[in-house]
Amino acid sequence: MHVLTVLDHPNPKSFSAAVAQAFMAGAEAAGHTTELADLNAEGFSPLWSQSDIDPDAPGSDLSDVIAEQKRIARADAVCLVFPLFWWGMPAMTKGWVDRVWRWGWAYDQLDDPEKSLQRPRTGVLLVPAGARSDEIEQEGYGAALVTAWIKGTFGYFGLSPRRMELLCGATGSAPRRKALLERSFEVGRTLPPPAS
């Protein structure tokens, strides 16, 4: 398979960047090819604009969106890596989702979130989080994120199978961070093929 990893973190030495590298190393160990979309390093604009609403208007330029869609077209699996930010996606990731997975390209209906205009691809979210897993589960945040991202957004993407890994304790001890990187490697190494 060809695996696209989409990274959102402005610091190339961040734990999120290390997670992306570990995941890709695992995918490569399993014989897959990998490609990294480092949104911050590449200067992707997350700003939803009039061009996104009316791409045929004079002066509209969606060349950055089209480039991302071509990356996705090459991929059999897509992994998004970003830190949990105010219990959601950071602006760069959210903007990438808003602008790239467009109505008419990714989906064209609202009645069935499992239907997509895209072919099936395996989908993974690797989300470093400073909070402990018991805190996340006790407050219901984990279930809310599964509903919003796995049952919702990834359904419109056509990603199947799909999974979310909250990497809790990412700001913790060195052994904890090492274990999370090993987990990220294993997620890449055991990546299942897309549903047929």
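None of these values were measured; they are calculated from a predicted model. (Residues numbered from 1 in each chain as written. Predicted model: local features only at pLDDT ≥ 70, side-chain atom pairs only at ≥ 80, totals over all residues. Heavy atoms only, no water.)

**Side note on the packing of helix H4 (residues 63–74) against helix H5 (residues 91–100)**
With their axes 10 Å apart at the nearest point, H4 and H5 run at an angle of 90° to one another. Of the possible angle classes, the one that applies to H4 and H5 is roughly perpendicular. Contacts between H4 and H5 involve Asp 64, Val 65, Glu 68, Gln 69 and Ile 72 from the former and Trp 96, Arg 99 and Val 100 from the latter. Of the residues belonging to the contact of H4 with H5, the class tally is four nonpolar, one polar and three charged. (Axes fitted to C-alpha atoms, helices over the stretch in contact; angles between N-to-C directions. Helix = DSSP H or I, 4+ residues; strand = E, 2+ residues; numbered from the N terminus. Parallel < 35°, antiparallel > 145°, perpendicular 65-115°, else oblique. Contact = heavy atoms within 4.5 Å. Nonpolar A, V, L, I, M, F, W, Y, C, P; charged D, E, K, R; others polar.)

**Concerning the side chain of Arg 71**
With respect to the helices and strands, Arg 71 occurs in helix H4. What makes Arg 71 buried here is its relative accessible area of 13%. Leaving out residues up to four positions away in the same chain, Arg 71 has contacts with Leu 4, Glu 35, Leu 36, Ala 37 and Glu 42. (Buried < 20%, exposed > 50% of the residue type's maximum accessible area, 1.4 Å probe, protein only.)

**Let's talk about the sheet that holds strand S3 (residues 77–81)**
Pairing within the open sheet is parallel, and its five strands lie in the order S2-S1-S3-S4-S5. Only two strands of the sheet have a single neighbouring strand rather than two, namely strand S2 (33–38) and strand S5 (159–168). Along the sheet, successive strands turn relative to each other by an average axial angle of 15°, direction set aside. In this sheet, strand S4 (residues 121–129) lies alongside S3 in parallel orientation, the contact comprising five bridges. (Pairing = 2+ DSSP bridges.)

**Topic: the pattern of salt bridges**
Under the defined criterion, the tally for this structure stands at 15 salt bridges. Here Lys 178 and Glu 182 are joined by a salt bridge, their closest N and O atoms 2.6 Å apart. Of this pair, Lys 178 and Glu 182 both sit in helix H8 (residues 174–189), four residues apart, which is roughly one turn of that helix. Here the salt bridges share partners, and the residues they tie into one network are Glu 35, Glu 42, Glu 68, Arg 71 and Arg 74. (Salt bridge = Lys/Arg side-chain N within 4 Å of Asp/Glu carboxyl O.)

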